[in-house]
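Structural overview for review
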Amino acid sequence: MGKFEQDIYRARDPEFTWEDEEILASGRYNGAKALLDVLEKEGVEVIFGYPGGVLLTLYDALLDSSIKHILPRHEQAAVHAADGYARVSGKVGVCLATSGPGASNMVTGIANAYMDSVPLVVITGQVPTNLLGTDSFQEVDITGMTLPITKHSYLVKDAKDIPRIVKEAFHIAGTGRPGPVLIDLPKDIMAADVIDPHAPKLSLPSYKYFTKGNSGQINEAAKALAQSKKPIVYAGGGVITSGAGSILRELIDKVNIPVVTTLMGIGSVQSKHPNLLGMVGMHGTITANLAVNDCDLLIAVGVRFDDRVTSGLKHRFATNAKIIHIDVDPAEIGKVVKAHIPIVGDAKLVLDELCKKAMAPEITGWWAQLRKWQQEYPLGYEQDGHLNPQTILEAMGKIGGENVIVTTDVGQHQMWAAQFYPVTSGRQFITSAGLGTMGFGFPAAIGAQFAKPDSLVFLVTGDGSFQMSIHELATTVQYDLPIKIVLMNNGVLGMVRQMQKMFYNERFSQIQLHANPDFVKVAEAYGIKGIRVDHPDQVEPALLEAINTPGPVLLDFTISPDEVVLPMVPSGKVITEVLGGVD
Amino acid sequence: MLHTLAVLVENNPGVLARISGLFARRAYNIFSLAVCQTENPSLSVMTIVVEGDSQVIEQVTKQLHKLVVVHKVTNLSNEAVVDRELALVRVKVKTETRLEVLQTVDIFRGRVVDMGRSNLTIELTGDKEKIDAFIKTMRTYGILELVRTGKIAIARSDT
Ligand SMILES: Cc1ncc(C[n+]2csc(CCOP(=O)(O)OP(=O)(O)O)c2C)c(N)n1
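Residues numbered from 1 in each chain as written. Chains lettered and ligands numbered in written order. Predicted model: local features only at pLDDT ≥ 70, side-chain atom pairs only at ≥ 80, totals over all residues. Heavy atoms only, no water.

The next point concerns the overall build of chain B. Per the secondary structure count, chain B includes four helices and nine strands. Ordered by position in the sequence, the α and β elements of chain B form the string β-α-β-β-α-β-β-α-β-β-α-β-β. For chain B, the C-alpha atoms occupy an extent of roughly 60 × 35 × 35 Å along the three principal directions. Burial analysis of chain B (159 residues in total) assigns 41% to the buried set. At a minimum sequence separation of 6, the contacts of chain B that also span at least 24 residues come to 71%. Of note, chain B has its 21 positive side-chain charges centred 4 Å away from the centre of its 18 negative side-chain charges. (Helix = DSSP H or I, 4+ residues; strand = E, 2+ residues; numbered from the N terminus. Buried < 20%, exposed > 50% of the residue type's maximum accessible area, 1.4 Å probe, protein only. Contact = heavy atoms within 4.5 Å. Lys, Arg positive; Asp, Glu negative; His and termini not counted. Charge placed at Lys NZ, Arg CZ, Asp CG, Glu CD.)

The following block contains the structure:
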């Protein structure tokens, strides 16, 4: 670029600095470098990626970048790791894959993040623009394939758009209701010269999101609360996303009302809080479900009335209640149930205002009823001398302390963890809720450990789920991540077996994992410690040994395939038809 | 009930796929769809006729608003509007029916835009009812080919 052109840039862009001049003077400033530059400016510390042909220019540029690149063993794991990183850190997670199979391998991970509203920027390589649409080698239409599972997506057609698009992607991913944004980058675009290193202003004339709630509506909510006889808060993932946990606790303490959480909402209120009745829904506590069923005011915050909570029976859910629905996404309000007092806004800002205006209702009778239910239907399990999964989770809570992150896979072990692990804060319990993706937990633990290098990270997994991401043992070893793997090994696909046992007359079909490896030996093959535990007395010593051993450790807990997750409100049933509880 | 939505969208590649994909995956039924540029070259307007009760339409509207490229959604069914469709109809004619057809075209204020040895092509604009009625009449002579646009609509000005 000549002096004359530089002058033009300077005139056009007051932010143009001598650093930019240096970049320009240094010769080729291509799309790949522009991408990494703008990622750095966005504060990205780590990206989870997997290379391939169309990404060669980018991986070459990466050698000179300050951004840390982590190489998982599968692209799905790269997305899940970025997802775990985002959930724990509250920042936007970034992942990267090559065109074709690399991109399509990420689809499940993107869907997973979309369902749980996790902010991600997903970057995929694409075939060069002149080959687009010709079924060329390793070409898939990834923007098309992910249209229903991304908040937004871009196919970049001009290198000079890269700085703006990346900036927009971060903005969209992280604001309003967060979600994954995909950027598809053709090979030639990454090699093409970018003439202006500055990201111009965002160009999103139609994008809008809500922050403050309508004060009139919040007044209505405060009035309804003051007049209610049986109020309850139903708190979801939105509370954690918006950082509204502490204001929610302030509210329930101030007016002394009960609260239930969804699976995503675990941690919004600490497990030990006296006003918390536990998780609501299919495997929630009986008290939480009875309370929601019976309440006269449901204060729903950052939830979406998922069918795992309502049993898919929207017309029989909280039928006596006036419903206040607080959500940042207007489309969630009225989607499943009708809200009497809809409030569109950020949970933290809305609760903040509501808390100021809230007055305690007179609900002594309601509390008496709730305490009676709690006594009648405690969340318990039979300690039968065998190694019970619940014992393991309680021991983890006892030994781990507060600076712990628990990620889970999907199945019975996930529900036990949700029920029995004593969570103390938000962003501490990381689970695939909306999509229920087996294989999520391990890579999510990797992402979590990068987000919080000093925290103790537990992965709670099952032998089915673990084998969907077992290859990530290599990643944990390569980056020396001290993740403690709690494998609840029942030799079966436990959750499926449970349903076949309960609803299909014990006609067990394809749930045996006959050829399971010796997981301790697998761990050892990767050069890490493996510990087998098959007696309840060994649980605490084994956990302590794991924690005191540097680096990753795999704990292989032998549990019975006959263990079941209870209570259970079968889908399509109401709480009074719960299994393992109410008569 | 049918609702007519005017959806103002950014004129980006892939916008149509985003909108039609949304309707498909949420199982909303599109009756007709017409897309054109507005006088602002960076915006297009899609006139979408969709079936549903008020709750469905509210969801459709909210879901549309969630798309980053959607600028504004107006439910024209709530307003006084002028709406039009355009149809091109090729009708079979014989010597003895030709005059009759031409008279009918006249009554409907259509125009003959092409003429073959044994057929006439007629252009007709109007609201859906008028075009339906015209097509019904033409069926008695035999319709050889028919194309019609989706509905486009504009709110009546209040001054
Ligand atoms: C990717 C994926 N495939 C299938 C399922 C259906 N599914 C849900 S739980 C489950 C069994 C999980 O087994 P395991 O990981 O061993 O955990 P357990 O239930 O035994 O604790 C299956 C197959 C799923 N959730 N995700």
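Turning to the state of the cysteines, a few remarks are in order. Residue and element names in this part refer to chain A. Evaluated as defined, the whole model comprises zero disulfides over all chains. In this structure Cys355 is a free cysteine whose sulfur lies 20 Å from that of Cys295, the closest cysteine sulfur available. For Cys355, a relative accessible area of 4% translates into the label buried. (Disulfide = S-S within 2.5 Å.)

When you line up the elements, A:Asp329 lands in the loop between strand E11 (322-327) and strand E12 (341-344). A polar contact is formed between the side chain of A:Asp329 and the backbone nitrogen of A:Ala331, at a distance of 2.9 Å. A polar contact of 2.6 Å, which involves the side chain of A:Asp329, links it to the side chain of B:Lys66. When residues no more than four places from it in sequence are discounted, the contact partners of A:Asp329 are A:Arg177 and B:Lys66. (Polar contact = N/O pair within 3.5 Å; in protein donor to acceptor, adjacent residues only side chain to side chain.)

On to the domain arrangement of chain B, then. Residues and elements named next belong to chain B. We note that the domain assignment places domain 1 (2-78) and domain 2 (83-155) within chain B. The distance between the C-alpha centroids of domain 1 and domain 2 comes to 29 Å. At the junction of the two partners, domain 1 supplies seven residues and domain 2 supplies five residues. For the pair domain 1 and domain 2, the two sides together bury roughly 480 Å², of which 68% comes from carbon and sulfur. For domain 1, the biggest contributors to the area lost against domain 2 are Ala34, Thr47 and Leu76; these three give 55% of the whole. Where domain 1 meets domain 2, there are zero salt bridges. (Domains from an automatic or database assignment. Buried area = accessible area lost by both parts, 1.4 Å probe. Salt bridge = Lys/Arg side-chain N within 4 Å of Asp/Glu carboxyl O.)

Contacts between the two partners involve 15 residues from chain B and, on the opposite side, 18 residues from chain A. Taken together, both faces of the contact between chain B and chain A bury some 1,500 Å²; the carbon and sulfur share is 49%. Sorting the residues of chain B by area buried against chain A places B:Arg18, B:Lys66 and B:Val68 first, and these three jointly supply 40% of that buried surface. In this structure, the salt-bridge partner of B:Lys66 is A:Asp329, at a minimum N-O distance of 2.6 Å.

Residue and element names in this part refer to chain A. Neighbouring residues of the ligand: 17 residues in total, closest Gln412, Gly436, Gly464, Ser465 and Gly494. At 2.8 Å from a nitrogen atom of the ligand is found a main-chain nitrogen or oxygen belonging to Gly436. In this structure, Val492 approaches the ligand through a main-chain N or O atom, which is 3.3 Å from an oxygen atom. Considered on its own, the ligand offers 590 Å² of accessible surface; in the complex 77% of this is hidden by protein. (Near = heavy atom within 4 Å. Areas by Shrake-Rupley, 256 points an atom, 1.4 Å probe, with all protein chains shown as cover.)

Attention now goes to the domain arrangement of chain A. Note: interface size is frequently given as the accessible area lost on complex formation between the parts. Residues and elements named next belong to chain A. Along its sequence, chain A is carved into domain 1 (3-191), domain 2 (215-376) and domain 3 (389-558). Measuring from the centre of the C-alpha atoms in domain 2 to the corresponding centre in domain 3 gives 31 Å. The interface of domain 2 with domain 3 comprises twelve residues on the first partner and 17 residues on the second. Summed over both sides, the interface between domain 2 and domain 3 buries roughly 1,200 Å², with carbon and sulfur atoms accounting for 65% of that surface. The three residues of domain 2 that bury the most area against domain 3 are Leu263, Ile266 and His283, which together make up 45% of that side's buried surface. The tally of links from domain 2 across to domain 3 stands at zero salt bridges. Along the contact surface separating domain 2 from domain 3 lie four residue pairs in polar contact (both at pLDDT 80 or more). Residue composition of the side of domain 2 that touches domain 3, grouped by class: five nonpolar, five polar and two charged. (Nonpolar A, V, L, I, M, F, W, Y, C, P; charged D, E, K, R; others polar.)

The subject of this paragraph is the pattern of salt bridges. All told, the structure shown has 30 salt bridges over all chains when counted by the stated rule. One salt bridge in this structure joins B:Asp114 and B:Arg90, with 3.8 Å as the shortest N-O distance. You can see B:Asp114 sitting in strand E6 (residues 111-115) and its partner B:Arg90 sitting in strand E5 (residues 81-92), a full 24 residues away along the chain. Taking relative accessible area as the criterion, B:Asp114 reaches 40% and is therefore assigned partly exposed. For B:Asp132, the salt bridge is made with B:Lys128, and the minimal N-O distance between the two is 2.9 Å. Linking B:Asp132 with B:Lys128, this pair stays in helix H4 (residues 128-139), spanning four residues, or about one helical turn. The network of salt bridges with common partners includes A:Arg177, A:Asp329, A:Glu332, A:Lys335 and B:Lys66.

Okay, the layout of surface pockets next. The volume enclosed by the second largest pocket comes to roughly 950 Å³. Surrounding the second largest pocket, 43 residues form its lining, A:Tyr114, A:Arg177, A:Asp329, B:Gln63 and B:Lys66 being those nearest its centre. Secondary structure elements with two or more residues in the lining of the second largest pocket: helix H7 (107-115) and helix H15 (307-310) of chain A together with helix H1 (15-25) and helix H2 (54-66) of chain B. The leading source of residues in the lining of the second largest pocket is H2(B), at five residues. Its residues placed into classes, the lining of the second largest pocket shows 16 nonpolar, twelve polar and 15 charged. (1 Å grid on protein atoms, 1.4 Å probe; cavity = no way out; pocket = protein on both sides within 12 Å on 5 of 7 lines; lining within 4 Å. Points joined across faces, edges and corners; volume = space filled by probe spheres on them.)

Glancing now at the packing of aromatic side chains. Residue and element names in this part refer to chain A. Tallied over the full model, the rule gives 13 aromatic pairs over all chains. On the numbers, 5.5 Å between centres and 90° between planes, the contact of Tyr381 with Phe420 is edge-to-face. With Tyr381 in the loop between helix H17 (364-376) and helix H18 (389-400) and Phe420 in helix H19 (residues 412-420), the pair connects residues that are 39 residues apart, well separated along the chain. Each member of the pair Tyr381 and Phe420 is classed as buried. Among the aromatic residues, ring-to-ring pairing joins Phe48, Tyr85, Phe450 and Tyr479 into one connected group. The ring of Phe508 is capped by Arg497, whose NZ or CZ atom sits 4.3 Å from the centre of that ring. (Phe/Tyr/Trp six-rings, centres within 6.5 Å; stacked < 30°, edge-to-face > 60°. Lys NZ or Arg CZ within 6 Å of the ring centre and 35° of its normal.)

Next up on the list: empty space enclosed by the protein. Residues and elements named next belong to chain A. Across all of its chains, the model carries two cavities of 30 Å³ or more by this definition. What the largest cavity holds in volume is close to 160 Å³. What lines the largest cavity is a set of 17 residues, and nearest its centre among them are Asn289, Val309, Phe317, Val574 and Ile575. No other element matches helix H14 (residues 286-294), which puts three residues into the lining of the largest cavity. Residue composition of the lining of the largest cavity, grouped by class: ten nonpolar, five polar and two charged. Counted as a void, the second largest cavity has a volume near 30 Å³. Surrounding the second largest cavity, Met282, Asp307, Arg308, Ser311, Val569 and Ser571 form its lining. A breakdown of the residues in the lining of the second largest cavity according to their chemical character gives two nonpolar, two polar and two charged.

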